[in-house]
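The chain contents come next:
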Amino acid sequence: MKELRLDKYLTEMGVGTRSQIKEMARKGRILVDGIPEKRAERKIDPEQQQVSVDGRPVSYVRYEYYMLNKPQGVVSATDDSRYETVISLIEERKRDDLFPVGRLDIDTEGLLLITNDGDLAHRLLSPKKHVDKVYFARIEGALPHDAEERMEEGLVLSDGTPTMPALLEVRKRGKDEVPSEIHLTIREGKFHQVKRMFETLGCRVIYLKRMSMGSLTLDEALKPGEYRPLSEDEILKLKSHGK
C-alpha cells in the first residue's frame, strides 16, 4: 500500500475532520510509532507504522464489507434527517465512507451489502453485468395465469418503462384473502421496480424481502437489523463476478 498523509489516514478512519486532525496533532494527541507527531500532513505507511490518538490505537482498513439484514423503517442511505439509516446500524464500522450497494425501500427487508468499494458496487449494480437479485414477496390480488410468461418476456410499466426479462416462481398461489408467495429474480434495480412490476399484473406487494444478490445470499442467522462482515470467500466471489 502506498503512503498516506496522516490527516487523510485519520479522517478516513472517522477520527475527525482535517482541521480537527491538525489541531489534535498540534496539541500532541497523535502518536506515530509511539512518538508525538505534530505535522498532520506527514506521510506514513499504513502497513508498517502504528498510529494512536489519545492513547487509542487507530488501525487502517482500506475496504470494509458487511452483510446487513435490513429491517423495515430504516432507509438505504448514508445520511437522513428523518429516519435511521442502514449505515447507522453498522456499529463496528471503522471507516467513515461506507454506503449501501443499491437501495431497498423503507418498508423492504433483506440483504443489503454495505461497503466503501466503489468499483465492486459499480459492477454489481450495472445491468450489463447481469447480476441476479432474488426477492421473496407476498402478493395481494389474483396473479394472472400467464404471470410467469409475461415476466419472462419483460414487462412495460405503467409509465412506459420497459423491464428486462425476469424469472417468476410462484411458491404458493393465493386464494380469496390468502396472499400468493413468490420468488422473483431480476437483473436491474429501477425505482420501486418489484412493486411496479406486480402492479402491472394487477396485484399489490404487501411484503418484500431481498434474499440474494449475485453470489451473496442472506445469512439466515441474521435477524432484521443484524449484520456481519463478509468472509474472504464471499468477497472473492463477488469481485470475480463480471470480470
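Keep in mind that what you see is a predicted model, and the values were worked out from it rather than measured.

K.L.:
Can you lay out the side chain of Asp105 for me, pointing to particular residues and giving the numbers?
P.N.:
One can find Asp105 in the loop between β8 (99–100) and β9 (109–115). On the basis of relative accessible area, Asp105 is assigned to the buried category, the value being 18%. Here His192 takes part through its side chain, which lies 2.7 Å from a polar atom of the side chain of Asp105. Reaching out from Asp105, the side chain makes a polar contact with the side chain of Lys195 at a distance of 3.1 Å. Leave out the neighbours within four places in its chain, and Asp105 touches Lys70, His192 and Lys195.

K.L.:
Before we move on, could you go through the packing of aromatic side chains and cite the residues and values that matter?
P.N.:
Per the stated rule, a full pass over the model turns up four aromatic pairs. Here the basic side chain of Arg138 rests over the ring of Tyr207, its NZ or CZ set 4.9 Å away from the ring centre.

K.L.:
Summarise helix α2 (residues 18–26); cite the residues concerned and give the values.
P.N.:
Taken residue by residue, α2 has Ile21, Met24 and Ala25 as its buried positions. One side of α2 carries all its buried residues, which in axial view fall inside an arc of 100°. Opposite the packed face of α2, turned more than 90 degrees from it, sit the exposed residues Ser19, Lys22 and Arg26. Tucked inside the fold, the buried residues of α2 contact α1 (6–12), β2 (30–32) and β5 (51–53). The first or second residue beyond α2 is Gly28, which carries a positive phi of 75°.

K.L.:
Can you explain the sheet that holds strand β6 (residues 56–57)? Please cite residues and give values.
P.N.:
Strands sit in the order β3-β2-β5-β6 across an open sheet of four strands; the sheet is antiparallel. Each end of this open sheet is capped by a strand with a single partner; those strands are β3 (35–36) and β6. Pairing between β5 and β6: two bridges, direction antiparallel. Of the residues in β6, the one forming a bridge with Ser52 is Pro57.

K.L.:
Please provide a residue-by-residue account of the pairing of strand β10 (residues 133–140), values included.
P.N.:
Of all eight residues making up β10, six are buried, and the element is well covered by its neighbours. With seven bridges joining them, β10 and strand β12 (residues 180–186) adopt antiparallel strand pairing. When the sheet's bridge partners are listed, Arg138 is paired in β12 with Glu181. With eight bridges joining them, β10 and strand β13 (residues 204–213) adopt antiparallel strand pairing. Directly across from Phe136, in β13, lies its bridge partner Lys209.

K.L.:
Tell me about helix α3 (residues 118–125), and name the residues and values.
P.N.:
The α-helix winds at 3.6 residues per turn, so residues separated by three or four positions along the chain end up facing the same way. Within the sequence span of α3, burial applies to Leu120, Ala121, Arg123 and Leu124. Down the axis of α3, the sector holding all buried residues measures 165°, keeping them to one side. Turned more than 90 degrees from where α3 packs its buried face, Asp119 and His122 sit exposed. The inward-facing, buried residues of α3 contact β7 (65–70), β8, β9, β10, β13 and α6 (232–240). Sitting at the head of α3, Asp117 places a side-chain oxygen 3.3 Å from the backbone nitrogen of Asp119.

K.L.:
Tell me about unusual backbone geometry, and name the residues and values.
P.N.:
Positive phi is not limited to glycine here, since Asp33 has a value of about 55°. Turning to its location among the elements, Asp33 is positioned in the loop between β2 and β3. Note on Asp33: relative accessible area 42%, which makes it partly exposed. Phi at His192 takes a positive value of approximately 55°, unusual for a residue other than glycine. With relative accessibility at 30%, the residue His192 sits in the partly exposed group.

K.L.:
Which residues make up the layout of surface pockets, and what values go with them?
P.N.:
Looking at the largest pocket, its volume works out to about 460 Å³. What lines the largest pocket is a set of 22 residues, among which Arg103, Leu104, Asp105, Lys190 and His192 lie closest to the centre. The dominant element in the lining of the largest pocket, judged by the number of residues it contributes, is helix α5 (residues 193–200), at three residues.

Rules used in this analysis
Residues numbered from 1 in each chain as written. Predicted model: local features only at pLDDT ≥ 70, side-chain atom pairs only at ≥ 80, totals over all residues. Heavy atoms only, no water. Helix = DSSP H or I, 4+ residues; strand = E, 2+ residues; numbered from the N terminus. Buried < 20%, exposed > 50% of the residue type's maximum accessible area, 1.4 Å probe, protein only. Polar contact = N/O pair within 3.5 Å; in protein donor to acceptor, adjacent residues only side chain to side chain. Contact = heavy atoms within 4.5 Å. Phe/Tyr/Trp six-rings, centres within 6.5 Å; stacked < 30°, edge-to-face > 60°. Lys NZ or Arg CZ within 6 Å of the ring centre and 35° of its normal. Arc of directions from axis to C-beta. Pairing = 2+ DSSP bridges. 1 Å grid on protein atoms, 1.4 Å probe; cavity = no way out; pocket = protein on both sides within 12 Å on 5 of 7 lines; lining within 4 Å. Points joined across faces, edges and corners; volume = space filled by probe spheres on them.

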